[in-house]
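# Examining the three-dimensional arrangement
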Amino acid sequence: MTETVARVERPKGLDQLCINTIRTLAMDAVQQADSGHPGTAMALAPLAYVLWQRHLRYNPASPDWLDRDRFILSAGHACMLLYSVLYLTGYDLTLDDIKQFRQWGSRTPGHSEHGVTPGVEATTGPLGQGTGNAVGMAIAEAQLGASFNRPGGGDSIIDHYTYFLASDGDLMEGISHEACSLAGHLKLGKLIGFYDDNHITIDGSTDLAFSDDTAKRFESYGWHVQRIADGNDLDAIDQGITQAKRVTDRPSLIIVRTHIAWGSPNKQDTAEAHGAPLGADEVKATKQNLGWPSLEPFYVPDEALAQWRRARTRGARLESDWREKWDAYRAAHPDLAAELERRIAGRLPAGWDAALPVFSPKDAQATRAASGKVLNALAAKLPELIGGSADLTGSNNTEIKSGGAGRNFHYGVREHAMGAVLNGITLHRGFMPFGGTFLIFSDYMRPSIRLAALTRLKPIYVFTHDSIGLGEDGPTHQPIEQLATLRAIPNMTVIRPSDPTEVVEAWRAAITHRDGPVALVLTRQKVAVVDRTKYAPAAGLHQGGYVLADSPNPDILLMATGSEVELILGAYEKLKADGRRPRAVSMPCLEYFAKQSQDYRDSVLPPGVPRIAVEAAAPQSWYRWVPEGNGVIMGIERFGESAPYQRIYQEFGLTVDGVVAEARRHV
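The sections below set out a description of the structure shown in this document.

Rules and cut-offs
- Residues numbered from 1 in each chain as written.
- Predicted model: local features only at pLDDT ≥ 70, side-chain atom pairs only at ≥ 80, totals over all residues.
- Heavy atoms only, no water.
- Helix = DSSP H or I, 4+ residues; strand = E, 2+ residues; numbered from the N terminus.
- Rg over C-alpha atoms; globule rule 2.2 N^0.38 Å.
- Buried < 20%, exposed > 50% of the residue type's maximum accessible area, 1.4 Å probe, protein only.
- Contact = heavy atoms within 4.5 Å.
- Areas by Shrake-Rupley, 256 points an atom, 1.4 Å probe, with all protein chains shown as cover.
- Lys, Arg positive; Asp, Glu negative; His and termini not counted.
- Charge placed at Lys NZ, Arg CZ, Asp CG, Glu CD.
- Polar contact = N/O pair within 3.5 Å; in protein donor to acceptor, adjacent residues only side chain to side chain.
- Expected span 1.5 Å × (residues − 1).
- Bend = angle between axes of the 7 residues up to and from the residue.
- Salt bridge = Lys/Arg side-chain N within 4 Å of Asp/Glu carboxyl O.
- Axes fitted to C-alpha atoms, helices over the stretch in contact; angles between N-to-C directions.
- Parallel < 35°, antiparallel > 145°, perpendicular 65-115°, else oblique.
- Nonpolar A, V, L, I, M, F, W, Y, C, P; charged D, E, K, R; others polar.
- Pairing = 2+ DSSP bridges.

### A short note on the overall build of the protein chain
- Looking only at helices and strands, one finds 23 helices and 21 strands in the protein chain.
- Computed over C-alpha atoms, the radius of gyration of the protein chain comes to 28 Å, within 12% of the 26 Å expected from 2.2 N^0.38 for 667 residues, which places it in the range of a compact globule.
- Taken along its principal axes, the extent of the C-alpha atoms in the protein chain is 90 × 60 × 45 Å.
- Looking at the protein chain as a whole, 61% of its 667 residues are labelled buried.
- Expressed as a percentage of contacts within the protein chain between residues at least 6 apart in sequence, the contacts between residues at least 24 apart total 76%.
- Accessible area for the protein chain stands at about 24600 Å²; split by element, carbon and sulfur atoms hold 50% of it.
- Averaging the coordinates of the 68 positive side-chain charges in the protein chain and doing the same for the 78 negative ones gives two points 4 Å apart.

What follows is the structure, encoded as structure tokens:
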């Protein structure tokens, strides 16, 4: 049953001055930028005041303090709310930064970005993503606490809350349904969400498209739900948060009825206040209506700033208390403390890759199967490696077989949520998360993948069933354009290993990678293990492309990724037997190859030599490496078929003989 916090009392005096400081900063910044969303920040100023002044555990001087509470602004368009609070509480953000809202190179971009603005925990903007991030952070807190906390006083070294703020739009987006359903199933008792129930979207009233009973929806997920009738009632907000913190067996949602652009005489409760400046005249009228002491833009009363800046003293004390606890913990549990420090710092332990499997030519298998073996060898050395699958564990080979409680994660059929949760776990720190699904369903994860790349996070994606090679499931499940579209994302690294020996190196590369997400793209069908006594070592994968088999002064270059490397090796042998001078190049990672020196790239792909690229996918990725008029790309520009994979490859001309025929035409 939904609880209602009934009391209604308007803030007065200094509290009101502090709250209105947020409102006026939001109005002024959006007005000066001539762009932005002022109304939501104005409506939520009382909530932010209560949360940051009375409940949130943070230290402005130490934004990355490990046991701080996390706050995620899922409604990223309301970022002026967050920027104002970060400035007022004393983070490394100035009033000049506020004045540069939405300008080139500023630390106050149009939607909040982690790593750009101190105190911003996650990059949000696409609605619903921050909600999923918060679920991931709450999972990380629970898992890290389970691993490192010890019974007894002072030994709960990981003990913080995750808060998120969601708008109507966040709750309309499908990702929030998936993520909040998962959170309820997991009973994440230290996850607290606020729903800004202001009844307004860009198009107008939410009645146009949204008639959910949000309270019942979240109750059905297994959440504790409260309603606050007036978003200006500080005591009701305080009581609601206090009650939510007492509920430890399930996540909590606090539905706060607010009025967008509160205080604006002509635009309160209108869509005009959602995504546009109020206008100079309305800003003036609003300040007068609020009884604001100055019409000067960006005016901050000294007494309001002093009240807000008390957060510095409070935050320093909170962190100091925790560090005393940490010192005692480190003395009592030195090995655990050292391990936690290592994991938070992202350092790999000595010998982490010393026991990886070795595959020989007799070990033909799908690269997904080889990946499962490598994953388990790594998991034995890397306790921070956790993950799972979107209900495809057996197909993705993502089970850690002897990892203990909490290593294997079941996302259910929730790829959208899995992507955002992975980002949240990564942002929290302490884990190296991976998530698996079929490559075709990476489309469901694309917004989260893009944000991981934008934020330079490193979740690891295990994408199996990578091509028409999955066979009978047919065109609905056979990826065609997915490789090209993933490769088009800046900071994204896509590795499609050719055989089990390259799978070992692909995982090694993924573990050591430091700049953006990594996708391991793996076959369903068996592939041969390349004989590395005859051909080049698989360690060449780390250069992205390398000469696998060569001839003196080559007259044709054959290059491929994944299962198609087997085709070019077969073609290499046939052409060589015919007296040609082929070179076979494995290109498992186009991004790594592009980062090599020009000299190295020319040594692998000599300019002027005709080139044939073979990949059972859309050809767009290859145009850079096969100049027009100097070769051909043997790819696929149509959807697949339902049939045994051998027949599909044959019908599409992706065979050894097909590659040989193309080579003869170009030499």
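### Comments concerning the environment of Glu662
- Examined against the element boundaries, Glu662 turns out to sit in helix H23 (residues 656–666).
- On the basis of relative accessible area, Glu662 is assigned to the buried category, the value being 17%.
- Separated by 557 residues in the primary sequence, Glu662 and Gly105 have C-alpha atoms spaced 49 Å apart.
- Of note is the side chain of Glu662, whose polar atom sits 2.8 Å from the side chain of Arg665.

### Overview of helix H2 (residues 38–55)
- Relative to the 26 Å expected for 18 residues at 1.5 Å per residue, H2 spans 25 Å between its end C-alpha atoms, a close match to the ideal helical length.
- If you look at H2, its biggest bend is around 50 degrees, right at Leu44, and the proline Pro46 turns up within four residues after that.
- Buried residues dominate H2, accounting for 17 of its 18 residues.

### Quick look at the pattern of salt bridges
- Enumeration according to the criterion identifies 34 salt bridges in this entry.
- Linking Asp212 and Arg217 is a salt bridge whose minimum nitrogen-to-oxygen distance equals 3.8 Å.
- Of the residues examined, Asp212 reaches a relative accessible area of 38% and is grouped as partly exposed.
- On the basis of relative accessible area, Arg217 is assigned to the buried category, the value being 10%.
- The salt bridge involving Arg583 is made with Asp550; its shortest N-O contact spans 2.8 Å.

### Looking at the packing of helix H11 (residues 302–332) against helix H12 (residues 334–345)
- It is the contact of H11 with H12, at a shortest axis distance of 5 Å, that shows an interaxial angle of 120 degrees. Taken together, H11 and H12 sit at an angle that is classed as oblique. When H11 is examined against H12, the residues Trp326, Tyr329, Arg330, Ala331 and Ala332 are found in contact with a partner set consisting of Pro334, Leu336, Ala337, Leu340 and Glu341.
- Grouping the constituent residues of the contact of H11 with H12 by class yields 8 nonpolar, no polar and 2 charged.

### Considerations on the sheet that holds strand S20 (residues 611–614)
- One open sheet accounts for 5 strands, arranged S17-S19-S18-S20-S21; its pairing is mixed. If you trace the sheet from one side to the other, it starts and ends with strand S17 (546–549) and strand S21 (631–634), each paired once. Ignoring which end each strand starts from, the neighbouring axes of this sheet average 25 degrees apart.
- The sheet contact formed by strand S18 (residues 556–560) and strand S19 (residues 582–586) spans 5 bridges and is parallel. Paired with Leu557 across the two strands is Arg583, which belongs to S19.
- Along the sheet, H23 makes contact with S18, S20 and S21, crossing S21 at roughly 165 degrees.

Functional significance is not addressed by these values, which are geometric in nature.
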